[in-house]
Amino acid sequence: MYSEKVIDHFTNPRNVGEIENANGIGQVGNAKCGDIMRITLDIEDNIIKDVKFKTFGCGAAVATSSMVTEMVKGKTLEEAMEISNATVAEALGGLPQTKMHCSNLAADAVHAAIKDYLDKKTKV
Ligand code: FES
């Protein structure tokens, strides 16, 4: 069954939406189910000042998206890169085994957004 934290983040997701003029954008799809997550970041001086997500997916994917935004806000890029899918699932009090693949989107999307930011930066 789902933990209370999963239900809380699913019914009351934090940081939903899209940052206008985001300087890091990451979008990943889940090959198993076709669900999609998009993360937008506002990064300044190596710190994630703001983060928002849009997830077209199941409840577990929404909950992990919401949780990962709370985990990375205010963090340095290095700290955010260290957050793994497993840490997000752990922070939610675990996910049912059959739903573990849903947590893959969260950290992957954040990492993709950070890479996007770093790529753009080196091109300038
Ligand atoms: Fe698709 Fe959970 S079933 S992310």
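Note that the coordinates shown come from a computational prediction; the quantities given were computed from them, not determined experimentally.

Caption draft 1: Representation of the pattern of salt bridges. Within this structure, the stated rule accounts for 6 salt bridges. The shortest N-O distance in the salt bridge between E70 and R14 comes to 3.6 Å. Linking E70 in helix α2 (residues 59-72) with R14 in the loop between α1 (4-11) and β1 (24-29), this pair joins segments that are 56 residues apart in sequence. E70 sits in the partly exposed class, given a relative accessible area of 40%. Across the pair K73 and D50 runs a salt bridge whose closest N-O atoms are separated by 3.5 Å. Of the two residues, K73 sits in the loop between α2 and α3 (77-82) while D50 sits in strand β3 (residues 47-56), which places them 23 residues apart along the sequence. Look at K73 and you get partly exposed, because its relative accessible area is 36%. Bridged by salt links that share partners, the residues D8, R14 and E70 form one connected network.

Caption draft 2: Representation of the packing of α1 against α2 within the structure. Interhelical geometry of α1 versus α2 gives an angle of 90° and a closest axis separation of 8 Å. Classified by the interaxial angle, the pair formed by α1 and α2 is roughly perpendicular. Here α1 contributes K5, V6, H9 and F10 to the contact with α2, which in turn contributes G59, V62, A63, S66, M67 and E70.

Caption draft 3: View of the sheet that holds β3. The 3 strands lie next to each other as β1-β2-β3, forming an open sheet whose pairing is antiparallel. On the outer flanks of this sheet lie β1 and β3, each paired with one strand and no other. Shown here is a sheet whose adjacent strand axes are inclined to one another by a mean of 15°, direction ignored. Sheet topology note: the strand β2 (residues 36-44)/β3 ladder contains 9 bridges and is antiparallel. Paired with I36 across the strands is F56, a residue of β3.

Caption draft 4: Expanded view of the pairing of β1. Covered by surrounding structure in β1 are G24, G26 and V28 only, the residues I25, Q27 and G29 on the alternate face being uncovered. Summarising the sheet, β1 and β2 pair through 6 bridges and their orientation is antiparallel. Paired with G26 across the bridge in β2 is I39. Hairpin connection from β1 to β2: 6 residues lie between these consecutive antiparallel strands, with G34 at a positive phi of about 85°.

Caption draft 5: Just the nonpolar core, in detail. Grouped together as the largest cluster of nonpolar side chains are 33 residues, with contacts concentrated most on I39, L41, I48, V68, V72, V88 and I114. Where this core is concerned, the elements lending two or more residues are β2, β3, α2, α3, α4 (85-91) and α5 (104-123). Among the elements that line this core, the one with the most residues is α2, at 8 residues. Those residues within four positions of V68 in sequence are excluded, and the remaining contacts are I39, I83, V88, A106, A107 and V110.

So, how was this worked out
Residues numbered from 1 in each chain as written. Predicted model: local features only at pLDDT ≥ 70, side-chain atom pairs only at ≥ 80, totals over all residues. Heavy atoms only, no water. Salt bridge = Lys/Arg side-chain N within 4 Å of Asp/Glu carboxyl O. Helix = DSSP H or I, 4+ residues; strand = E, 2+ residues; numbered from the N terminus. Buried < 20%, exposed > 50% of the residue type's maximum accessible area, 1.4 Å probe, protein only. Axes fitted to C-alpha atoms, helices over the stretch in contact; angles between N-to-C directions. Parallel < 35°, antiparallel > 145°, perpendicular 65-115°, else oblique. Contact = heavy atoms within 4.5 Å. Pairing = 2+ DSSP bridges. Core = buried A, V, L, I, M, F, W, Y, C linked by side-chain atoms within 4.5 Å.

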